[in-house]
Amino acid sequence: MIEPIVSDEVAEALTADRPVVALESTIFSNLGLPAPANAEALELCKQAVSDHGAVPAVTAVLDGRPHVGLLQDQETRVLQGTRKVAERDLAVAQAQGWDVGVTTVSATLAVAHAAGISVFATGGIGGVHRGSEVSGDISADLDAIANHPVITVCAGAKAFLDLPRTLEYLETAGVPVLGWQHDWFPAFYTRSSGLPIPHRVDAEGEVCDVLRYRARPATGVLLTIPIPVEDEIPAARIDAVLAAALAASDRAGIAGPAVTPYVLARIEKETDGQSVPANLALARNNADVAARIAVSAGFASSRR
Ligand code: PSU
Ligand code: MN
């Protein structure tokens, strides 16, 4: 059972049915982005949400309790967080009273849903890892998207994942996968993975209606948005970088939840830091569109 502590600002917005956008905290911690880019990403995303008159709601575990909406000193703790909390870890973090836990997509979906929030923005979701037929590594993000009635807004899945299998998994799980004004499944650092998107949408209202008409009451919607053109990293460049980063991860024997943070850090190194501004730009852009969707629906709340 999740009973999050909701900040006054977020609670007031939810009560008044004003738009709220949830934001995950792993991307803003040292596991997601190096300082000071992590703090910058947090400000950019919150500002993008506020600019549309919506309320940003960052999720995290603090002092053993899940939180939705953070005060400034709580944000500072999250920026320094190093303990990753996926959905299943929420129970352990509470049972053991973890000091600071940064929430991934899966944990954020659980906490946002419990608070009654219907729109959530992130950078990239986790997915099916390359070689998963041997390692079995499939991110809990995918099951969480399938099991919480929330719109997740992202720039696709990390390009170092197995993107065709990630799309197949989402299809099997019954998740509508939408492309924002775009015909291709985005690949995070690049606008297209070369894989066609199952369904293109062109307006905020369409996205809300897909959630409204979902066949399974428990299921969410995945909205993918390509990184802005000017921030894209050329595909040839990123492909070589990904291969090097994955090989390094293999050589180092990295496994489990450590894989994603490790590979992200290697990508940053191999791109001489170019991956960082790309990450900021897409996260800000996703928060912007998520806020427009929350505002257009006139909803914050799944209790409606
Ligand atoms: N994408 C990013 N930065 C991140 C992540 C994704 O650009 O920090 C995080 C998200 O929190 C996502 C998590 O939910 O990685 C997935 O981890 P795993 O592959 O262990 O499920
Ligand atoms: Mn994993």
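To be clear, the structure that these remarks concern was listed above.
Notes on the structure in this doc start here. (Residues numbered from 1 in each chain as written. Chains lettered and ligands numbered in written order. Predicted model: local features only at pLDDT ≥ 70, side-chain atom pairs only at ≥ 80, totals over all residues. Heavy atoms only, no water.)

1. Regarding helix H8 (residues 163-172)
Then comes step 1: Of the positions making up H8, those classed as buried are Leu163, Thr166, Leu167 and Leu170. Viewed along the axis of H8, the buried residues span an arc of 95°, placing them on a single side of the element. Exposed residues lying more than 90 degrees from the buried face of H8 are Glu171 and Thr172.
Then comes step 2: Buried positions along H8 lie against helix H7 (140-147), strand S9 (177-180) and strand S11 (221-224).
Then comes step 3: Just downstream of H8, glycine 174 is the residue with a positive phi angle, here 80°. (Buried < 20%, exposed > 50% of the residue type's maximum accessible area, 1.4 Å probe, protein only. Helix = DSSP H or I, 4+ residues; strand = E, 2+ residues; numbered from the N terminus. Arc of directions from axis to C-beta. Contact = heavy atoms within 4.5 Å.)

2. Thoughts on the pairing of strand S4 (residues 65-68)
Then comes step 1: Across 2 bridges, strand S1 (residues 5-6) lies against S4 in parallel orientation. Counterpart to valine 6 in the pairing with S4 is valine 68.
Then comes step 2: Taken together, the 4 bridges between strand S3 (residues 55-62) and S4 define a ladder with antiparallel strand orientation. Bridge assignment links valine 61 to a residue of S4, and that residue is proline 66.
Then comes step 3: Counting the residues between successive antiparallel strands, the hairpin from S3 to S4 contains 2 residues, one of them, aspartate 63, with a positive phi of roughly 50°. (Pairing = 2+ DSSP bridges.)

3. Thoughts on the nonpolar core
Then comes step 1: Membership of the largest hydrophobic core comes to 59 residues, with the highest contact counts inside it found for Ile117 and Ile267.
Then comes step 2: No other element matches helix H5 (residues 105-115), which puts 7 residues into this core.
Then comes step 3: Residue contacts for isoleucine 267: discarding those within four places in its chain leaves Phe160, Tyr189, Ile238, Val241, Leu242, Ala245 and Ser275.
Then comes step 4: Counting 44 residues, the second largest nonpolar core, distinct from the first, contains Ala48, Ala121, Ile151 and Val221. (Core = buried A, V, L, I, M, F, W, Y, C linked by side-chain atoms within 4.5 Å.)

4. Considerations on the pairing of strand S6 (residues 100-103)
Then comes step 1: Of the two faces of S6, the one carrying Val100 and Val102 and the one carrying Gly101 and Thr103 are both buried.
Then comes step 2: Judged from the 2 bridges that link them, strand S5 (residues 84-85) and S6 form a sheet pairing that is parallel. When the sheet's bridge partners are listed, lysine 84 is paired in S6 with valine 102.

5. Focus: the site of ligand 1
Then comes step 1: Lining the immediate surroundings of ligand 1 are 17 residues, of which Glu24, Ser139, Asp141, Lys158 and Thr260 lie closest.
Then comes step 2: In the environment of ligand 1, an oxygen atom lies 2.7 Å from a nitrogen or oxygen atom belonging to the side chain of lysine 84.
Then comes step 3: In the model, an oxygen atom of ligand 1 is placed 2.7 Å from a nitrogen or oxygen of the threonine 260 side chain.
Then comes step 4: Relative to its free-state accessible area of 480 Å², ligand 1 is covered by the protein chains to the extent of 94%.
Then comes step 5: Its residues assigned to classes, the shell around ligand 1 shows 5 nonpolar, 8 polar and 4 charged. (Near = heavy atom within 4 Å. Polar contact = N/O pair within 3.5 Å; in protein donor to acceptor, adjacent residues only side chain to side chain. Areas by Shrake-Rupley, 256 points an atom, 1.4 Å probe, with all protein chains shown as cover. Nonpolar A, V, L, I, M, F, W, Y, C, P; charged D, E, K, R; others polar.)

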